[in-house]
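Results of the structural survey
What follows is the residue order along each chain.
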Amino acid sequence: MNWNFSEFLNTEAFFSFSVIICLFLFVFLIKLALKKRKGLIPRIVAIVVLIASLFCLAIRPSIFKEKEERKAIILTPNFSKIWVDSLLAEFPEAYTFSMDTTDSLSSLPKINAPDLSYILRNYTNIDEFFICGIGLSDEDLRLIKDRKFTYFSADPPRGIITFELPKPIHLGEKFFLKGVYHDLNSNGKTLYLKGPEGILDSLVFNRDKFQEFSFQHRPKVVGNYLYQFLIKDKEGNFLDKEEFPVRIKKKEPTNIVFLNSQPGFEIRFLTNWLSDQGHHLLTRTAISKEKYRFGFFNGENLRQFAINKSLLKNTDLLITDLQALMDLKSNERQYLKSAVENEGMGVLLLATQADFSTQKINRSPLFRSFNYNEVQNREKEIQFGKESFSLEVLPFSLKRDFNQFPIFKNKELEGVVGWKLSGRGKSGLNLAQNTFQWVLEGRQQVYDYYWSEVLKPLLKKKGPDVKWYNPEKLAIQHEPMELRVFINGSDSLPPANIKGPSGQLINLPLMEDYQFSEEWKTTFWPLEAGWHQLNIHQRDPSGHLFVFSDSSWQSLREAELIRNNHYWSSVQRNDNQEIAKQLEKEEIPLFWFAFLFLLALSYLWFEEKFL
């Protein structure tokens, strides 16, 4: 029990006045008590009780005690009646809240709640939540992250429950689709992939319940398109249809420079692959001290070239090894550092064992800030579609660290290749070895996928470039989503707006990211479904976003909600911190202070008259 004198109904002035009056009264009564020596101690006790009770009557103290708490059962769509009956049998006094508009337990006494905020605002004595059904949204779960709750999941919905939207690709590239379809009776059903040109591929399910699928396609025309998944049963009857966007961009060749301290198969295969992609390449390979062999692909025919400001200003990416960097002259290293930090050029280091064993990497200004661990296993795996392929790497891995971003990770979520910011540019470190073996083994698609993902984030940004905060997440009509916009060379707040399918322009108030000075973010509430155009500085559309109608992809959205609630529940169960008990303040009844005051006063009067 805790006494609280910090809150009472009287003002602070009255509180001070009461203290002064009681102090004078205490001194006066003590003098009175000392006039007679007989019964001195009982008289002093009575005076103390008298003054204390008077003081408490003035300030009205309260006590804190543990709140009388109750459990809460929250019903969300597709909850299990068995789970609810079991919970009510164990906790008959629990509140039952329904957030399910299709509630089938119409005879169950329950409270209809529009959202979790309503429950927390109006029922403050809940100490534990039981969430039944598909679960609560991220926003609601954050409200009870410090409360105790248990999640009783709904069964997986029928339909596509796992799927990642394809990222924008360039003309000539393939996009890859993979996911999971769930149906208790899926055996014999057929999933079709349909594009603008018609049916592209199909897959016949050969088992019930969970069925994995994967497709790939190479579009032939630039533009924004809608592709579809179609589900038909054994008889050919149409069951389900879901559409998804694919954006195909015109491929712009990039300028890439190779600096090599010696020839090798990795460099040879990589230059051939990049030249086949149409990129402009310049290569310089050392054959002896200060003697080089020069090469060029798809660009200007140069017999030789020098590392200077003019060359690096027009270079999007430099690929090199550490020895080639160390062999650069002092002024060339300064040009390189300036091109990365001021012009936004990217640098990729193809690391070797010697770079770490001799500690040479720690002498490079661009790469000594990378944090890495030494590991034993040199074989890693990367995921490609439904298959995983082994990858030979150096006996090191990039640590999970602030401002260090992995591109491919191992099972411990540490990077085998990653990048860091270096001014306006990026420095990348590749620990993978002998990736050309994939080509020799006939796994060209894996090779294409790996190097596309590695090089893409390192290339110099050209003009405004839109980055979505979470490209794999569906943008749903009437639901908020966060947009991130990278604007090359912008140090002031840029004017931005988004144009919907109907032509309506909505201004976007951008806020600068605290970590990346050229990245801006905002929250957008789409009112229309369809393609939206993002405009910066009143230029041509610099980004595109497809918004789904609020009735689209119901199975996928429900499955993601279920997975998210499972995650939050597991995180809370693994948290060893004890959840604090809720306390409530209760005022002590003034009757007891009045009774003590009268009792002490009566004793003093009786003692004065008769003793």
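Residues numbered from 1 in each chain as written. Predicted model: local features only at pLDDT ≥ 70, side-chain atom pairs only at ≥ 80, totals over all residues. Heavy atoms only, no water.

1. Here's the deal with the pairing of strand β17 (residues 280-288)
Across a regular strand the side chains alternate sides, sitting on one face of the sheet and then on the other. Just so we agree on the cut-off: For two strands to be treated as a pair, DSSP must find no fewer than two bridges joining them. In DSSP terms, a helix is any run of H or I states spanning at least four residues, a strand is any run of E spanning at least two, and both are numbered starting from the N terminus. Classification remark: right-handed applies to a crossover when, strands pointing away from the viewer, the course from the first strand over the helix to the second runs clockwise.
Where strand β16 (residues 255-260) lies against β17, 6 bridges are found, and the strand directions are parallel. Its bridge partner being in β17, N255 is matched across the sheet by H280. Crossover handedness for the path β16 to helix α6 (residues 265-276) to β17: right-handed. Both β17 and strand β18 (residues 291-297) contribute to a ladder of 7 bridges, which runs antiparallel. Its bridge partner being in β18, T285 is matched across the sheet by R293.

2. Comments concerning the sheet that holds strand β12 (residues 198-204)
Pairing between the strands of a sheet comes from backbone hydrogen bonds, and it takes one of two forms, parallel or antiparallel. What the 5 strands build is an open sheet, ordered β9-β15-β14-β11-β12; its pairing is mixed. Each of the sheet's edge strands pairs with one partner strand only, and the pair in question is β9 (169-170) and β12. In this sheet, strand β15 (residues 238-249) lies alongside β9 in parallel orientation, the contact comprising 2 bridges. Following the sheet pairing, H170 is matched in β15 by K249.

3. Brief notes about the pairing of strand β11 (residues 190-195)
In this sheet, β12 lies alongside β11 in antiparallel orientation, the contact comprising 6 bridges. Its bridge partner being in β12, L191 is matched across the sheet by L203. The antiparallel hairpin formed by β11 and β12 contains 2 residues in its connecting segment. Two strands pair when backbone bridges link them, and β11 and strand β14 (residues 223-232) are joined in this way by 5 bridges, in the antiparallel orientation. Bridge pairing links L191 to I231 in β14.

4. Here's the deal with the pattern of salt bridges
The condition that has to hold: Each reported salt bridge corresponds to a side-chain nitrogen of Lys or Arg within 4 Å of a carboxyl oxygen of Asp or Glu. Between buried and exposed lies partly exposed: a residue is buried under 20% and exposed over 50% of the maximum accessible area for its type, with that area taken using a 1.4 Å probe on protein chains only.
Using the criterion set out here, one finds 10 salt bridges in the structure. Two residues, K189 and D183, come together in a salt bridge whose shortest N-O distance is 2.3 Å. By relative accessible area, which is 12% here, K189 ends up buried. Sharing partners across several salt bridges, the network here consists of K71, D127 and E128.

5. Digging into the packing of helix α2 (residues 40-59) against helix α14 (residues 590-610)
In plain terms, the rule: Convention adopted: a line fitted to C-alpha atoms gives each axis, helices being fitted over their contacting stretch, and angles between N-to-C directions are expressed from 0 to 180 degrees. What makes a crossing left-handed is the near helix being turned counterclockwise from the far one by less than a right angle; a clockwise turn instead makes it right-handed. Contact between two residues is taken to exist if any of their heavy atoms lie within 4.5 Å; hydrogens are not considered.
Taken N-terminus to C-terminus, the directions of α2 and α14 make an angle of 150°; their axes are 8 Å apart at the nearest point. Judged by the sense of rotation from one axis to the other, the crossing of α2 with α14 is left-handed. When α2 is examined against α14, the residues P42, R43, A46, I47, V49, L50, S53, L54, C56 and L57 are found in contact with a partner set consisting of L590, F593, A594, L596, F597, A600, L601, Y603, L604 and E607.

6. Focus: helix α12 (residues 444-455)
Note the threshold: To estimate how far a helix should reach, multiply one less than its number of residues by 1.5 Å. To obtain the arc, one takes the directions from the helix axis to the C-beta atoms.
Here α12 contains 12 residues, and its C-alpha end-to-end distance of 17 Å stays within 8% of the 16 Å for a straight helix at 1.5 Å per residue. Turning to α12, its buried residues number three or more, namely V446, Y447, Y450, W451, V454 and L455. End-on, the buried residues of α12 take up no more than an arc of 145°, which puts them together on one face.

7. Let's talk about the environment of G500
The topology assignment puts G500 in the loop between β30 (496-499) and β31 (505-507). For G500, a relative accessible area of 9% corresponds to the buried category. What G500 contacts, discounting residues up to four positions off in sequence, is E528, W531 and H532.

8. Some details on the side chain of Q228
Mapped onto the elements of the fold, Q228 is located in strand β14. Since its relative accessible area comes to 17%, Q228 is described here as buried. Beyond its immediate chain neighbours, meaning those up to four positions away, Q228 contacts Y192, L193, K194, K241, E242, E243 and F244.

9. What about a nonpolar patch on the surface?
Just so we agree on the cut-off: For patch detection, residues must exceed 30% relative accessible area and be free of salt bridges, and they are connected within 9 Å for like charges or within 5 Å for nonpolar side chains (Val, Leu, Ile, Met, Phe, Trp, Tyr). In these tables, accessible area is a Shrake-Rupley quantity obtained with a 1.4 Å probe, and a residue counts as shielded only by the protein chains included in the view.
On the surface, F591, W592, F595, L596 and L599 cluster together into a nonpolar patch covering about 540 Å² of accessible area. Its place among the elements puts L596 in helix α14.

10. Description of the packing of aromatic side chains
The line we're drawing: Ring geometry is summarised as follows: Phe, Tyr and Trp rings, the Trp one being its six-membered ring, pair when their centres sit within 6.5 Å, and such pairs are stacked at plane angles under 30 degrees, edge-to-face over 60 and tilted between the two.
Within this structure, the stated rule accounts for 31 aromatic pairs. With a centroid separation of 5.1 Å and an interplanar angle of 25°, the aromatic rings of Y181 and F205 are classed as stacked. Taken together, the residues Y181 in strand β10 (residues 175-183) and F205 in the loop between β12 and β13 (209-217) connect sequence positions 24 residues apart. Judged by centre distance (5.7 Å) and plane angle (35°), the ring pair of F265 and F436 falls under tilted. Pair noted here: F265 is in helix α6 and F436 is in helix α11 (residues 436-440), with a separation of 171 residues, a long-range link. Overall, F265 belongs to the exposed group, its relative accessible area being 51%. Residue classification places F436 among the buried positions, given a relative accessible area of 8%.

11. Digging into the packing of α6 against α12
In plain terms, the rule: The scheme is simple: roughly parallel for angles under 35 degrees, roughly antiparallel for over 145, roughly perpendicular for 65 to 115, oblique for anything else.
Relative orientation of the contacting elements α6 and α12 amounts to 85°, with a least axis distance of 12 Å. As far as their axial angle goes, α12 and α6 are roughly perpendicular. Seen from α6, the contacting residues are E266, F269, L270, W273 and L274; seen from α12, they are Q444, Y447, D448, W451, S452 and L455.

12. Some thoughts on the sheet that holds strand β7 (residues 148-153)
A sheet is described by the order of its strands in space; here 5 strands give the open sequence β5-β4-β3-β6-β7, paired in parallel fashion. Because the sheet does not close on itself, it has two edges, and the strands there are β5 (111-112) and β7. Pairing between strand β6 (residues 126-133) and β7: 6 bridges, direction parallel. Paired with C132 across the strands is F152, a residue of β7.

13. Some words on the confidence of the model for the protein chain
Note the cut-off: The quantity known as pLDDT measures the predictor's confidence residue by residue, on a range of 0 to 100.
Taken residue by residue, the protein chain gives an average pLDDT of 81. The fraction at 70 or more is 82%. Mean pLDDT across the elements of the protein chain bottoms out in strand β1 (residues 2-4) (43) and peaks in β11 (94). Long-range and interchain partners of residues 1-13, a stretch whose pLDDT sits below 50, account for 23 contacts in this model, where long-range means more than four residues apart.

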